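Structural overview
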Amino acid sequence: MSVFQTIASLIDKAISTGLIERQDAVYVRNQLLGLLKMNDYQDEGPADTQQTSIPDFVEELVGYAVENQIIEDVLDEKEIFSANVMNIFLPKPSAVQQTFEAKYRERAEQATDYFYALSKDSNYIQMKRISKNIHFKADTAYGKMDITINLSKPEKDPEQIRREKEEKQAIGYPQCVLCRENEGYVGRIGHPARSNHRIVKISLEDENWYLQYSPYVYYNEHSIVLAEEHREMKIDRQTFLRLTAFVEKFPHYFLGSNADLPIVGGSILSHDHYQGGRYQFAMEAAGKTATFSLKDFPAVQAGIVDWPLSVIRLSSPDRMELVEAATHILQTWRNYEDEHVAIIAYSGGTPHNTVTPIVRMRDGRLEMDIVLRNNRTSEQHPLGIFHPHADVHHIKRENIGLIEVMGLAVLPARLKSELEEVKRFLLEETEAVPNHHRNWAEQIKRNNQIHKENVGAILQDEVGRKFTKVLEDAGVFKRDEQGSQAFQRFIMALNQD
């Protein structure tokens, strides 16, 4: 396919997906020619490539730009060029906002459907890369857990790594990768290209927040809601007000927040933000092991969720009473201590107790799951007492954030090849197996009758069991008699005067 056919095919595909109108074709073509440093155009028409996607055509143009020395063959330069290509096809942010609001007036789902489709069609959401991820569901004692081996983020080439090390100038704009100033930002070494990035403004509790989608979605309509102001993550009453306000505006979405402390928080604590979407996680489907009353909040139903972490589920038709009940639980937990189960609220002035809250609409009632978290470390568990322990680090050692809390494991890319080696070991095709997996692999072999037809399913279930253990490690009240009694002591504390 010639570069002219690639240009024509990309324009044709953009028209068919609704990114542009046919009237825009000449303008878009000329903008692409300028980006490619081309002064001439030969109308060869689009290639007969109906199965080819927009990212495929963009990759062709990136390849042309590298081959003709328009850009260097370095990751960031290719990402910047790719985003600039797609920005040509996109409306200005004000037009996106107007369309979103018009569709919202019809129905909230129409607005998010439009914005999600735009974010995918613009190649901001990297659907082609995301398709490389390995995803499966694993049966566990707590339901079907989602397991994802993350292969979507591109590997940095040596030149990219060298440039990042040599980038000594401290640039404070945008302040972080979540700031609203990323919308349309061309990018630079070490900071992602966002020319094709669009966000929409949403008012939450008389404050401007912005909705966007994650460029590497882990589940359906994986969205991010971020504060206009660059400020640190903070869980408080305002958090609960905003989460519930958002879900009332978009009842087909859930919205949750990572915890606001290191170890138990997400990867970005420097910018206040939430994550949501349209997906049912295993935690949402989980039932309750017990119910209880909160004497000061009679309109709120409360219970303990049947889940490996320690979760209180609240439900109420009254939004404000739900918020006040959640605030009461948070404030009680912030200062709560039970040394019998290693829960200490402060070390000096350093706080350890926080929560991971998730809000959804269920049967016309607001429902909030409050996951109790503690980030203490010890000599035995230097990465965290309530963090994945050493025996599961061969599968997962990273922080357990909001997504994992709900039952979706985001596992490192190394596991793709390592699990293949374990599979060959289980089939006795080799004696070699990565040392950090050997004890686990030998145990699987001892406990199962393994053959080619079942080895894949057995290994997936075993990964699911390991992930369940990861979540159990993160639970502050363990799923045993001692933990159950400790949880009941905390429930009693909630009803004390």
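Description of the structure in this document.

Procedures and definitions
- Residues numbered from 1 in each chain as written.
- Predicted model: local features only at pLDDT ≥ 70, side-chain atom pairs only at ≥ 80, totals over all residues.
- Heavy atoms only, no water.
- Helix = DSSP H or I, 4+ residues; strand = E, 2+ residues; numbered from the N terminus.
- Polar contact = N/O pair within 3.5 Å; in protein donor to acceptor, adjacent residues only side chain to side chain.
- Buried < 20%, exposed > 50% of the residue type's maximum accessible area, 1.4 Å probe, protein only.
- Pairing = 2+ DSSP bridges.
- Axes fitted to C-alpha atoms, helices over the stretch in contact; angles between N-to-C directions.
- Contact = heavy atoms within 4.5 Å.
- Parallel < 35°, antiparallel > 145°, perpendicular 65-115°, else oblique.
- Left-handed = near helix turned anticlockwise from the far one by under 90°.
- Nonpolar A, V, L, I, M, F, W, Y, C, P; charged D, E, K, R; others polar.
- Core = buried A, V, L, I, M, F, W, Y, C linked by side-chain atoms within 4.5 Å.
- Salt bridge = Lys/Arg side-chain N within 4 Å of Asp/Glu carboxyl O.
- Expected span 1.5 Å × (residues − 1).

1. Describing the side chain of aspartate 76
- In this fold, aspartate 76 is placed in helix H4 (residues 75-87).
- Looking at aspartate 76, its side chain comes within polar contact range of the main-chain nitrogen of glycine 190, at 2.8 Å.

2. Considerations on the pairing of strand E13 (residues 353-362)
- Of all the ten residues making up E13, eight are buried; the element is thus mostly covered by neighbouring parts of the structure.
- Pairing between E13 and strand E14 (residues 365-374): ten bridges, direction antiparallel. When the bridges of E14 are listed, proline 357 appears paired with isoleucine 370.
- Between E13 and E14, which follow one another and run antiparallel, lie two residues, and aspartate 363 among them has a positive phi close to 55 degrees.

3. Regarding the sheet that holds strand E3 (residues 200-204)
- If you trace the ten strands from one edge of the open sheet to the other, you get E3-E4-E5-E7-E6-E13-E14-E10-E9-E8, paired in antiparallel fashion. Because the sheet does not close on itself, it has two edges, and the strands there are E3 and strand E8 (288-292). Direction aside, the axes of adjacent strands within the sheet are offset by 25 degrees on average.
- Two strands pair when backbone bridges link them, and strand E4 (residues 207-213) and strand E5 (residues 223-227) are joined in this way by five bridges, in the antiparallel orientation. Bridged to tryptophan 209 within E5 is alanine 227.
- Contacts between helix H6 (residues 108-121) and the sheet are confined to E3 and E4, with E4 contributing the most and set at about 55 degrees to the helix.
- Docked against the sheet, helix H9 (residues 237-249) engages E3, E4, E5, strand E6 (254-256), strand E7 (273-277), E13 and E14, running at close to 20 degrees with respect to E13.

4. A few points about the packing of helix H1 (residues 3-17) against helix H2 (residues 25-35)
- Look at H1 against H2: their axes get within 10 Å of each other, and the N-to-C directions meet at 135 degrees. By the angle between their axes, H1 is oblique relative to H2. Remark: the crossing between H1 and H2 carries right-handed chirality. Only Ala25, Val28, Arg29, Leu32 and Leu33 of H2 make contact with H1, whose side of the interface consists of Ile7, Leu10, Ile11 and Ile15.
- Split by residue class, the contact of H1 with H2 holds eight nonpolar, no polar and one charged.

5. Topic: the nonpolar core
- Core analysis: the largest hydrophobic core is formed by 96 residues, its most contacted members being Phe89, Leu314, Leu372, Phe477 and Phe490.
- A total of eight residues in this core trace back to one element, the largest contributor, which is H1.
- Membership of the second largest hydrophobic core comes to 48 residues, among which are Met283, Leu309, Val410 and Trp440.

6. A look at the pattern of salt bridges
- Inspection of the entire model under this criterion finds 38 salt bridges.
- A salt bridge links lysine 234 to aspartate 236, with the shortest nitrogen-to-oxygen separation between them at 3.9 Å.
- For arginine 360, the salt bridge is made with glutamate 367, and the minimal N-O distance between the two is 2.6 Å. The same class applies to arginine 360 and to glutamate 367, which are both buried.
- One network of salt bridges, in which partners are shared, links Glu284, Arg313, Arg360, Arg362, Glu367 and Asp369.

7. Side note on helix H14 (residues 435-447)
- When the terminal C-alpha atoms of H14 are compared, their 19 Å separation across 13 residues agrees well with the 18 Å that a helix rising 1.5 Å per residue should span.
- Three or more residues of H14 are buried, namely His437, Trp440, Ala441 and Ile444.
- The inward-facing, buried residues of H14 contact helix H13 (415-426) and helix H15 (455-474).

8. Focus: the sheet that holds strand E1 (residues 134-140)
- With mixed pairing, the three strands of this open sheet are ordered in space as E1-E2-E15. Single-partner strands in this sheet number two, and they are E1 and strand E15 (408-411). Across the sheet, the axes of successive neighbouring strands diverge by a mean angle of 25 degrees, strand direction being ignored.
- In this sheet, strand E2 (residues 143-149) lies alongside E1 in antiparallel orientation, the contact comprising seven bridges. When the bridges of E2 are listed, histidine 135 appears paired with threonine 148.

The values reported here are purely geometric and, on their own, carry no functional implication.
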